[in-house]
Amino acid sequence: SESKEQVVERMLRAIYKYHKRFPEGHVLMVTHGGTIKTFLSAMGDWIAGVEDERLKNAGMTILELNDEKIEMIDYNIDAKEFARKYLNNETEEIPI
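Nothing here was measured: the structure is a model prediction, and the numbers come from that model.

Observations concerning the layout of surface pockets
Empty space left among the atoms is revealed by rolling a probe the size of a water molecule over them.
Stage number 1. Empty space within the largest pocket amounts to approximately 1,300 Å³.
Stage number 2. Val 27, Leu 28, Thr 61, Ile 62 and Leu 63 are the residues nearest the centre of the largest pocket, which is lined by 33 residues in total.
Stage number 3. Counting residues per element, the ones that place at least two in the lining of the largest pocket are helix H1 (4-21), helix H2 (33-42), strand S1 (60-66), strand S2 (69-77) and helix H3 (79-86).
Stage number 4. Take the lining of the largest pocket: its biggest share by element is seven residues, from S1.
Stage number 5. Taken together, the residues that form the lining of the largest pocket break down as 20 nonpolar, ten polar and three charged.

Put into structure tokens, the structure is as follows:
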């Protein structure tokens, strides 16, 4: 079993690896809820009480990496909210 520190280190390695490989692109990373909660709670005061919040099924957390700094843009949003915010889609249908 991994410690919280090991989970965070593994996530950071993956984030920086794919950022280096695709520096100008977007990268989709899929993980279990416990992993993302552990990572976010260890990364600072982004969300107070993140450990206690129930994650949505297939919820998305949007992170941005700039100058080696990770910033959380959105947390635990669903597909409709993602489509509305990031795809400029105001309809009930979600493009696949």
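Some remarks on the pattern of salt bridges
Stage number 1. Counted by the stated rule, this structure contains three salt bridges.
Stage number 2. With a shortest N-O distance of 2.9 Å, Lys 85 and Asp 74 are connected by a salt bridge. With Lys 85 in helix H3 and Asp 74 in strand S2, the pair connects residues that are eleven residues apart, well separated along the chain.
Stage number 3. Of the residues examined, Lys 85 reaches a relative accessible area of 34% and is grouped as partly exposed.
Stage number 4. The salt bridge involving Lys 85 is made with Glu 81; its shortest N-O contact spans 3.4 Å. Of this pair, Lys 85 and Glu 81 both sit in helix H3, four residues apart, roughly one helical turn.

What counts as what
Residues numbered from 1 in each chain as written. Predicted model: local features only at pLDDT ≥ 70, side-chain atom pairs only at ≥ 80, totals over all residues. Heavy atoms only, no water. 1 Å grid on protein atoms, 1.4 Å probe; cavity = no way out; pocket = protein on both sides within 12 Å on 5 of 7 lines; lining within 4 Å. Points joined across faces, edges and corners; volume = space filled by probe spheres on them. Helix = DSSP H or I, 4+ residues; strand = E, 2+ residues; numbered from the N terminus. Nonpolar A, V, L, I, M, F, W, Y, C, P; charged D, E, K, R; others polar. Salt bridge = Lys/Arg side-chain N within 4 Å of Asp/Glu carboxyl O. Buried < 20%, exposed > 50% of the residue type's maximum accessible area, 1.4 Å probe, protein only.

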